[in-house]
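Structural overview
Residues per chain are reported as follows:
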Amino acid sequence: MNIVCLDMEGVLVPEIWIAFAEESGIPELRRTTRDEPDYDKLMRWRIDLLRQRGLKLSAIQETISRIDPLPGAKDFLDALRKDTQVVILSDTFDQFAMPLMAKLGYPTLLCNTLEVDGEGYITRHLMRCEHSKLTTVKALQSIGYDTIASGDSYNDMEMILHSKAGFLFRGPDKIKQDYPDLPAFEEYDQLLAGELYPSETFSNSGMTGLQMQQKAKGLLLEWFRGFLNEGFTEWNSSAYLPIDLLGLASLYAWTQDGELRALAKRGMDYVFYLLAVHSRKGFFAGSSGRTYLKEQFGNWSNCTSFMSWIGYGCGTPGHAGKGVVSLCLSDYEPPRDYAAYFNVEPGFELVCRSTHGYQKHVDLYTYKTSGYLMTSAADFRPGKPGYQENPLQLTFTPTAQLWISHPGERALYGKGRPSYWAGNGTLPRVNQYKGFATVFYDIAPEHPVDFTHLYLPTMEFYLCRVQGPWVFAQEGDAYCAVYCSAGLTAQRFGPNAEREFIAPGRRCVWLVRAAQTDEFPSFAAFITAMLAAPLEMDAQRLACRFEDPVYGVLRSGWNERLSVNGAAMEYGGSDQYGVLELREKQQPAADAQA
């Protein structure tokens, strides 16, 4: 049968003498048993000093009345007392302690008393017994209790060392150095687990509670070291970012380990940075390292939209809420600076080049204006088998969006990963500059699917026109043009009717261009300009040259990175936050980074 023995000052409440030293302006009174292990000697010195300065017991009691328990102390004590018996062993005095016990819910306290003369001066201290903490622990053990002890000072060491389990709590470095084998904790949740189940063996792992706790923190610290340097290998996944937030927000909300809480906050800050930069007005619909059909088609109900709405009022509330409960129950607030990245004002553009994942897994390029968002994974494993990656997406609204893919299977609603719409059976080579992107496919002859296709739901756009190998669409003041060297056939029946454009063959070149009225005054003018722009296409060599009316000469190929007016694009060399610019729109000649 266990009983927990806790020190009071420094563990549950602030050091009374330190508080009084600050109140009275007598710095010498800051000395505690951390500094002077001989408590009897320390108290005689304190009493003499109080008399010299004319300070009575009432002055100390007035200071104590304004002291509150340490943050989290009462919750910790309440949780502990639900599972085991607790006694507080303190070298303080009942004249000091009772107001503090009231604030802690009146736990059992064994302490000492003071002798006070008629004038109110403390004349001497009366100890219950010599070595009171050790004597009490031994007495409890003699009647059948196993003691578990914790404290922060030298006068706690006897009870800690003579108990079945013992821990230092927020002890000074000197004590930790003197007792290096003693577990030392800084937060109440660490202490709670260690004290409730320090010696209990968990059947699955074969480890004690203390071992489990130490292992968990070690694993978390190792994970954070990698994550905070690399970000997510499965980048910008609308399916999994909410699950990541669930873990981070729960850790932030419930842990009392200061180090882990600070790391969880950094992780949450990064999640909200991704939402702000790589979403369209709070709808997280862009290039992704792991996607599913329900996320690609379900932007109105995706968890990420709810997260953005909670954090910044962008996106939309919805029934899908992974991670949001812990987020809302905590005191976390995302950085206000990120709010400017959600909605780009007219006449401005956001450009971000970032690198994500283990061993610099992917280089992302994000371009956002007031009318659209285009994101891509540059040169990501071209020609290799795909999984569930979406290397290019252009988004206008939650439903007016488009992407290009090579189906992983022919079944429209099969179970393949990649599936018909989510992911790529064979990954293309994608390059992007602002609102222009090239997509090259070279599909192996053994793959069972011999076509690529475009998802563009015509009914979700204000206008849509098809002319030869081109598809044009308008939404608001923004436009898009999509070209395929293999030609395009619109699906006219079934669940993909008016949503799917199929391009036959295994080798082809796709071009995507997004624009706004500040570049082309009307949808008709945009169509005319795109059709009139010189285009040299070599579908066999997978190479092209396009003279864009605004951007200039754009060249790209399967073996040639996209260049803008002769300057090759640069995508890598950054971190997971990236090189971000929110600026007035610039023409290619003014761009510092082609």
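On a predicted model such as this, the values are computed, not experimentally measured, just so you know.

Definitions and cut-offs
- Residues numbered from 1 in each chain as written.
- Predicted model: local features only at pLDDT ≥ 70, side-chain atom pairs only at ≥ 80, totals over all residues.
- Heavy atoms only, no water.
- Helix = DSSP H or I, 4+ residues; strand = E, 2+ residues; numbered from the N terminus.
- Expected span 1.5 Å × (residues − 1).
- Buried < 20%, exposed > 50% of the residue type's maximum accessible area, 1.4 Å probe, protein only.
- Arc of directions from axis to C-beta.
- Axes fitted to C-alpha atoms, helices over the stretch in contact; angles between N-to-C directions.
- Left-handed = near helix turned anticlockwise from the far one by under 90°.
- Contact = heavy atoms within 4.5 Å.
- Pairing = 2+ DSSP bridges.
- Core = buried A, V, L, I, M, F, W, Y, C linked by side-chain atoms within 4.5 Å.

Relative to the assigned elements, Asp181 resides in the loop between helix H8 (173–178) and strand S7 (184–185). Sequence separation between Asp181 and Phe167 is 14 residues, and the spatial gap between their C-alpha atoms is 10.0 Å.

Under the 1.5 Å per step criterion, the end-to-end length of helix H10 (residues 209–230) is 32 Å for 22 residues, consistent within 8% with the ideal 32 Å. Within H10, burial applies to Gly209, Leu210, Gln213, Leu221, Phe224, Phe227 and Leu228. End-on view of H10: buried residues confined to an arc of 140°, all on one side of the axis. Of the exposed residues in H10, the ones pointing more than 90 degrees away from its buried face are Glu222, Arg225 and Asn229. Gly231 sits one or two residues past H10 and shows a positive phi near 75°.

Another point: the packing of H10 against helix H12 (residues 258–277). Helix packing for two helices is described by the angle between their axes and how far apart those axes are. The contact between H10 and H12 brings their axes to 11 Å, and the two run at 30°. Helix-helix and strand crossings are classified by hand; for H10 and H12 the assignment is left-handed. Judged by residue contacts, Lys217, Leu220, Leu221, Phe224, Phe227 and Leu228 of H10 engage Glu259, Leu260, Leu263, Ala264, Arg266, Gly267 and Tyr270 from H12.

Pairing is antiparallel in the open sheet, where six strands are placed in the order S13-S14-S21-S18-S17-S16. Two strands lie at the open edges of the sheet, namely strand S13 (429–433) and strand S16 (463–467), each paired on one side alone. Within the sheet, the average angular offset between the axes of one strand and its neighbour, ignoring direction, is 10°. Two strands pair when backbone bridges link them, and strand S17 (residues 470–475) and strand S18 (residues 478–484) are joined in this way by six bridges, in the antiparallel orientation. Along S18, the bridge assignment pairs Phe472 with Ala481. Where helix H17 (residues 523–532) meets the sheet, it contacts S16, S17, S18 and strand S21 (507–516), and its direction lies at approximately 155° from that of S17.

Grouped together as the largest cluster of nonpolar side chains are 62 residues, with contacts concentrated most on Leu394, Leu456, Trp510 and Phe526. Met8, Ala19, Phe20 and Phe169 belong to the second largest nonpolar core, which has 49 residues in total.

Turning our attention to unusual backbone geometry. In the segment running from Arg417 into Pro418, the intervening peptide bond is cis, with an omega of 10°. Backbone geometry at His131 places phi at a positive 50°, although glycine is not the residue there. Tracing the backbone shows His131 in the loop between strand S4 (122–126) and helix H6 (132–142). The backbone phi angle of Arg381 is positive, close to 50°, even though this residue is not glycine. Relative to the helices and strands, Arg381 is located in the loop between strand S10 (373–378) and strand S11 (392–395). Note on Arg381: relative accessible area 29%, which makes it partly exposed.

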